[in-house]
Amino acid sequence: MSISCITPPYILTRLLDSDNVDIRQSALSTLLTTAQLRGERNVRGLIAGALATPADGRRSIFDCDHSTFLPLARLVRSEDDATVPDASVNQAFDGFGTTRTFYREVFQRNSIDDRGMRLLGYVHRGIQYNNAFWDGQQMVFGDGDGQVFTDFTGSTDVIAHELTHGVTEHTANLEYHFQSGALNESMSDVFGSMAKQWKLGQTADQADWLIGPEIFTPHIDADALRSMKAPGTAFDNKLFGKDPQPDHMDRFANLPDTDEGDNGGVHINSGIPNKAFYLVAVGIGGKSWDAPGHIWYESLKASTPTTQFQDFAETTFRKADQLYGAREQQAVKEAWAEVGIRVSG
Ligand SMILES: [Zn+2]
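What counts and what doesn't
- Residues numbered from 1 in each chain as written.
- Predicted model: local features only at pLDDT ≥ 70, side-chain atom pairs only at ≥ 80, totals over all residues.
- Heavy atoms only, no water.
- Phe/Tyr/Trp six-rings, centres within 6.5 Å; stacked < 30°, edge-to-face > 60°.
- Helix = DSSP H or I, 4+ residues; strand = E, 2+ residues; numbered from the N terminus.
- Buried < 20%, exposed > 50% of the residue type's maximum accessible area, 1.4 Å probe, protein only.
- Lys NZ or Arg CZ within 6 Å of the ring centre and 35° of its normal.
- Core = buried A, V, L, I, M, F, W, Y, C linked by side-chain atoms within 4.5 Å.
- Domains from an automatic or database assignment.
- Salt bridge = Lys/Arg side-chain N within 4 Å of Asp/Glu carboxyl O.
- Expected span 1.5 Å × (residues − 1).
- Donors = N, O, S within 2.8 Å, 3.2 Å for Na, K, Ca; no water.
- Contact = heavy atoms within 4.5 Å.
- Buried area = accessible area lost by both parts, 1.4 Å probe.
- Polar contact = N/O pair within 3.5 Å; in protein donor to acceptor, adjacent residues only side chain to side chain.
- Nonpolar A, V, L, I, M, F, W, Y, C, P; charged D, E, K, R; others polar.
- Axes fitted to C-alpha atoms, helices over the stretch in contact; angles between N-to-C directions.
- Parallel < 35°, antiparallel > 145°, perpendicular 65-115°, else oblique.
- Left-handed = near helix turned anticlockwise from the far one by under 90°.
- Pairing = 2+ DSSP bridges.

### Let's talk about the packing of aromatic side chains
Going through the model one piece at a time under the given rule, you end up with 22 aromatic pairs. Ring centres 6.3 Å apart and planes at 35° place the aromatic pair Phe96 and Phe141 in the tilted group. With Phe96 in helix 3 (residues 87-107) and Phe141 in strand 6 (residues 139-141), the pair connects residues that are 45 residues apart, well separated along the chain. Under the relative-accessibility criterion, Phe141 is labelled buried at 0%. Pairing Phe252 with Phe309 gives two aromatic rings, centres 6.0 Å apart and planes at 75°, and the pair type is edge-to-face. One end of the pair, Phe252, is in the loop between strand 10 (241-242) and helix 6 (262-265); the other, Phe309, is in helix 9 (residues 309-323), and 57 residues separate them in sequence. With a relative accessible area of 22%, Phe252 lands in the partly exposed category. Through a chain of ring-to-ring contacts, three or more aromatic side chains come together here, namely Phe102, Tyr103, Phe107, Phe191, Trp198 and Tyr297. Positioned above the aromatic ring of Phe93 is the side chain of Arg59, whose terminal nitrogen or guanidinium carbon lies 3.7 Å from the ring centre. In this structure, Arg77 packs its charged tip against the face of Phe93, placed 3.6 Å from the ring centre.

### Some thoughts on the nonpolar core
For soluble globular proteins, nonpolar side chains are generally found buried alongside one another. Counting 46 residues, the largest nonpolar core has Phe102, Phe191, Trp296 and Trp336 as its most contacted members. Those elements that provide at least two residues to this core are helix 3, helix 4 (156-169), helix 5 (178-200), helix 7 (271-284), helix 8 (291-301), helix 9 and helix 10 (326-338). The biggest single contributor to this core is helix 7, with eight residues. Residue-level mapping places this core at the junction of two domains, with at least three residues from each of domain 1 (4-169) and domain 2 (178-338).

### Some remarks on the pattern of salt bridges
Applying the stated rule across the entire model yields 11 salt bridges. Across the salt bridge formed by Lys196 and Asp157, the nearest N and O atoms sit 2.9 Å from each other. With a gap of 39 residues between them, Lys196 in helix 5 and Asp157 in helix 4 connect regions that are remote in the sequence. The pair formed by Lys196 and Asp157 is uniform in burial state, with each residue classed as buried.

### As for helix 4
Compared with the 20 Å implied by 1.5 Å per residue over 14 residues, the 20 Å span of helix 4 between its first and last C-alpha is a close match. Of all 14 residues making up helix 4, 13 are buried, and the element is well covered by its neighbours.

### With respect to the coordination of the zinc ion
Coordination of the zinc ion by the protein involves His161 (NE2), His165 (NE2), Glu185 (OE) and Glu185 (OE), with metal-donor separations of 2.1 to 2.7 Å. In primary-sequence terms, the residues that donate to the zinc ion follow H-x3-H-x19-E. Note that His165 is positioned in helix 4 and Glu185 in helix 5, a separation of 20 residues in sequence. Comparing His165 with Glu185 shows no difference in burial state: the two are buried.

### Comments concerning the domain arrangement of the chain
In terms of domain boundaries, the chain breaks down into domain 1 (4-169) and domain 2 (178-338). For domain 1 and domain 2, the distance between their C-alpha centres works out to 22 Å. Across the contact, 35 residues belong to domain 1 and 40 residues belong to domain 2. Summed over both sides, the interface of domain 1 with domain 2 buries roughly 3300 Å², with 66% coming from carbon and sulfur. Our count for the contact surface shared by domain 1 and domain 2 stands at one salt bridge. Inspection of the region where domain 1 meets domain 2 yields 18 residue pairs in polar contact (both at pLDDT 80 or more). With nine residues, the top contributor of residues to the side of domain 1 that touches domain 2 is helix 4. Looking at the side of domain 1 that touches domain 2 residue by residue, the classes come out as 17 nonpolar, 13 polar and five charged.

### Focus on the packing of helix 8 against helix 9
Two elements in contact, helix 8 and helix 9, have axes separated by 9 Å at closest approach and are oriented at 125°. If you check the angle between helix 8 and helix 9, you find them oblique. Taken as a pair, helix 8 and helix 9 cross one another with a handedness that is right-handed. For the pair helix 8 and helix 9, the contacting residues are His294, Ile295, Trp296, Glu298, Ser299 and Leu300 in the first and Phe312, Thr315, Thr316, Lys319, Ala320 and Leu323 in the second. Here the contact of helix 8 with helix 9 is built from residues that sort into six nonpolar, four polar and two charged.

### Concerning the sheet that holds strand 4 (residues 119-123)
With mixed pairing, six strands are arranged side by side in an open sheet as 1-5-6-4-2-3. The open sheet has two edge strands, strand 1 (4-5) and strand 3 (74-78), and neither has a second partner. Sheet topology note: the strand 5 (residues 132-134)/strand 6 ladder contains three bridges and is antiparallel. Following the sheet pairing, Trp134 is matched in strand 6 by Met139. Of the strands in this sheet, strand 2 (59-63), strand 3, strand 4 and strand 6 touch helix 3, which is tilted by about 155° from strand 2. Strands in contact with helix 4 are strand 1, strand 5 and strand 6; relative to strand 5, the strand with the most contacts, it is inclined by about 20°.

In structure tokens:
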């Protein structure tokens, strides 16, 4: 089990070079606390374990009140409670609800583990914390520093992205480094974007295919964290540089399995399978969560912790034919070819 953060280390590291001392300070404390979390996880696991009984994905939102010690957080909204004055609480609650209903109605999946796992959310974690993450038991949200990042509860696809890390953990359990880790990240982007499109009722060609367009403040020149339609184009600014995602195997990034190397480029090379899914969705046409989503979901369930890009592509090719037919299978084959992966079939 790993900590899966929405803000990739390459953005936070670049912010350490900012001229603005407050931006540098928030980026530094976010990087440090993310490293410390790995040590804290056992304590939180004990507390959450007691709450993790099957419950049809009932939601509980806690307010950390800017502390980083989750066991002290106050329960502020449960499943049957009305809205509360704190917008972050309601946004986290609603994002959980959208994701839970999306998985139930589209894939007949009962919460993250398909056994009704409770959905626990912690808002207002720490001070100016520039991240949101899923740690295997719960989702935790920072408020952002207010200069670069805003409140992370405001993005449906970020919430669905993080909860999908839980779905992946309970299915293929893709190892979080190198190609299997990039597939893990890609699954979260694919189902995260799909959940948003489902909520908005958009077809594949109407959707923005952006991940986290809401999390930057208006003065930041960035469309989003990532673009599935055009990986490598989500941002290009002085503050944190250019989006490093490739959209083809020719530009695959070979990086070390370290924090600085983004665990072998898990948030970077995910651009390749992300683009493949986008191409399948527009190639087949209509709603991404119909045939394309089901082909991906069944392929995720048929994958293993060490599945590589090529393996996953072959699985989607087989599933397209088993679940649908020749037209869908051809769209899958063409999409992977366009990102440099030839399926042999
Ligand atoms: Zn992620």
